[in-house]
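Reading the structure
For reference, the chains in residue letters:
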Amino acid sequence: MDAIVVGCGRVGSELAIMLSRNGHNVSVIDKDPSSFKRLGRNFNGRTIKGMGFDEDVLEQAGVEHADVVASVTSYDNTNLMVAEVARRLFNVPHVITRLYNSNRVTAYEQLGIDFVLGTSLISEEIYSKILSGHANHIDIFGDVELLSFNFNSPNGPVKVRDVEKDNLIKVIAFKHEESYIIPVDNSLLHDEDLVLVAIHSSETENLSRYFRD
């Protein structure tokens, strides 16, 4: 698959790396060339400096052969412009945008634009933990947050059921060594495992002891 990612911030860089690691051809566009450092030395895709809604820039990125364009900048208007240019001028089969303003959901649905809704975090505590790098915010559904983090358990493995509490914390999946696992109650989480959880805002403090610094 040929993919173009517009915006090389935290979301864009992680998306580009995941696509590249899974064997897809990836081009990344950002107006700030220093942002490409987030991709790391092992990234084997292309990087293009410029505005993602610029036709010439998109052509440099290979838009005429692209299977998907994902616009994930921090600006809704920019993402919308990228989507419209990619869809209407270049007929890209699949265009996805990052949407921050939830008031625009109906308009995007009416326009037929595929989007992922990102809203502000649900509490100051979660916000501060994410900024400090303890956990990565993925998405939010009302009072439920999706987080990924490296597990902290230097004294030995911990059972999944001991991490979960009253259904307010749910371990969805984890990576141990090179294996990706959907857990059961007695699955063991080891120190430095990568863990994906759904958590109610009220339980952040209880889970924070497992966040690896």
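Starting from 1, residues in each chain are numbered consecutively following that chain's sequence as written. Local features are withheld for residues below a pLDDT of 70 in this predicted model, meaning they are given only at 70 or higher, and side-chain atom pairs are given and counted only at 80 or more; totals for whole chains, interfaces and linings count all residues. Values shown for side chains rest on all heavy atoms present in the structure; no hydrogens or waters enter the calculation.

Next up on the list: the environment of Phe174. Topologically, Phe174 is positioned in strand β10 (residues 169-176). To sort residues, take the accessible area from a 1.4 Å probe on protein chains only and compare it with the maximum for the residue type: under 20% means buried, over 50% means exposed, and anything in between is partly exposed. Residue Phe174 is classed as buried on the basis of its relative accessible area of 4%. Considered as a pair, Phe174 and Val195 are 21 residues apart in the sequence and their alpha carbons are 4.3 Å apart. A contact between two residues is defined here by any heavy atoms of the two lying within 4.5 Å. With residues near it in sequence (within four places) discarded, Phe174 still touches Ser179, Tyr180, Ile181, Pro183, Ser187, Leu188, Leu189, Asp193, Leu194 and Val195. The secondary structure listing takes helices from DSSP runs of H or I that are at least 4 residues long and strands from runs of E that are at least 2 residues long, numbered from the N terminus.

When a strand is regular, its side chains alternate between the sheet's two faces. For two strands to count as paired, DSSP must find a minimum of two bridges between them. One ladder, built from seven bridges, connects strand β8 (residues 144-150) with strand β13 (residues 194-200); its direction is antiparallel. If you follow Glu145 over to β13, its bridge partner there is Ile199.

Quick look at a negative patch on the surface now. Two joining distances apply to patches: 9 Å for like charges and 5 Å for nonpolar side chains (Val, Leu, Ile, Met, Phe, Trp, Tyr), and every residue must have over 30% relative accessible area and no salt bridge. The accessible surface values rely on the Shrake-Rupley method and a 1.4 Å probe; as for residues, cover is taken only from the protein chains in view. Salt bridge, as applied in this entry: a Lys or Arg side-chain nitrogen positioned within 4 Å of an Asp or Glu carboxyl oxygen. Positive: Lys, Arg. Negative: Asp, Glu. His and the chain ends are not part of the count. A single reference atom marks each charge: NZ on Lys, CZ on Arg, CG on Asp, CD on Glu. Taken together, Asp54, Glu55, Asp56, Glu59 and Glu64 make up a surface patch of like negative charges. Topologically, Glu55 is positioned in helix α2 (residues 55-60). Judged by its relative accessible area of 41%, Glu55 falls in the partly exposed class.

Moving on, we get to the packing of aromatic side chains. When the centres of two rings from Phe, Tyr and Trp lie within 6.5 Å, Trp using its six-membered ring, the rings pair. Their planes under 30 degrees apart give stacked, over 60 give edge-to-face, and anything left gives tilted. A full pass over the atoms with the stated rule returns two aromatic pairs. Centroid distance Phe151 to Tyr210: 4.9 Å. Interplanar angle 10 degrees. Geometry classified as stacked. One end of the pair, Phe151, is in the loop between β8 and β9 (158-159); the other, Tyr210, is in the segment after α7 (204-207), and 59 residues separate them in sequence. In this pair, the class of Phe151 matches that of Tyr210, namely buried.

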